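Residue-level structural notes
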Amino acid sequence: QVQLVESGGGLVQAGGSLRLSCAASGSIFGINVMNWYRQAPGKERELVAASSSGGDTYYADAVKGRFTISRDNAKNALYLQMNSLKPEDTAMYCCAARSGSSFSDGPALWGQGTLVTVSS
């Protein structure tokens, strides 16, 4: 069973940066897609960024040009570099892992999340 543990969240002023990390442990063989999702209070969960084992990436329009997803397969880690943060980026950020090829569909394993708060 794969376990995902996020870290790196915190309080930052608008315009600042944070780097989120997601450490995967356990039976990680077969993981293809890894994602970052976020859920703000009162809003639905949204896919922020995704990365396939083949190097393909996806970004939500709201974060394009500001966020960068990356993977370190040797360390079984996923990262999200977040620059030029805005108050509307405030949310709980969770990583997810899928064995399928879809960036957003199909069964996924989830971490507990890390809270990002951006002050204006």
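Higher on the page you've got the structure.
Residues numbered from 1 in each chain as written. Predicted model: local features only at pLDDT ≥ 70, side-chain atom pairs only at ≥ 80, totals over all residues. Heavy atoms only, no water.

1. Digging into the nonpolar core
- Core analysis: the biggest nonpolar cluster contains 28 residues, and Leu4, Trp36, Val48, Phe67, Leu80, Met82 and Tyr93 have the highest contact counts within it.
- When residues of this core are traced back to their parent elements, those giving at least two are strand E3 (18-25), strand E4 (33-39), strand E5 (46-51), strand E7 (67-72), strand E8 (77-82), strand E9 (91-98) and strand E11 (114-119). (Core = buried A, V, L, I, M, F, W, Y, C linked by side-chain atoms within 4.5 Å. Buried < 20%, exposed > 50% of the residue type's maximum accessible area, 1.4 Å probe, protein only. Helix = DSSP H or I, 4+ residues; strand = E, 2+ residues; numbered from the N terminus.)

2. Topic: the pairing of E9
- Counting buried positions over the eight residues of E9 gives seven, a clear majority of the element.
- Across three bridges, E9 lies against E11 in antiparallel orientation. Bridging from a neighbouring strand, Ala91 pairs with Val116 of E11.
- With two bridges joining them, E9 and strand E10 (residues 109-110) adopt antiparallel strand pairing. The residue of E10 that forms the bridge with Ala97 is Leu109. (Pairing = 2+ DSSP bridges.)

3. Considerations on the packing of aromatic side chains
- Per the counting criterion, the structure on display carries two aromatic pairs.
- Centre to centre, the rings of Tyr37 and Trp110 are 4.8 Å apart; their planes meet at 55°, and the pair counts as tilted. One end of the pair, Tyr37, is in strand E4; the other, Trp110, is in strand E10, with 73 residues separating them in the sequence.
- When its relative accessible area of 7% is taken as the criterion, Tyr37 is described as buried.
- For Trp110, a relative accessible area of 31% puts it in the partly exposed group.
- Judged by centre distance (6.3 Å) and plane angle (40°), the rings of Tyr58 and Phe103 are tilted. (Phe/Tyr/Trp six-rings, centres within 6.5 Å; stacked < 30°, edge-to-face > 60°.)

4. Notes on the environment of Tyr59
- Mapped onto the secondary structure, Tyr59 falls in strand E6 (residues 57-59).
- You can call Tyr59 buried: its relative accessible area is 18%.
- In this structure the C-alpha to C-alpha distance between Tyr59 and Lys86, which are 27 residues apart in sequence, comes to 16 Å.
- If sequence neighbours within four positions are ignored, Tyr59 has contacts with Val48, Ala49, Lys64, Phe67, Thr68 and Ile69.
- In this structure the side chain of Tyr59 is engaged in a polar contact, spanning 2.8 Å, whose partner is the backbone nitrogen of Ile69. (Contact = heavy atoms within 4.5 Å. Polar contact = N/O pair within 3.5 Å; in protein donor to acceptor, adjacent residues only side chain to side chain.)

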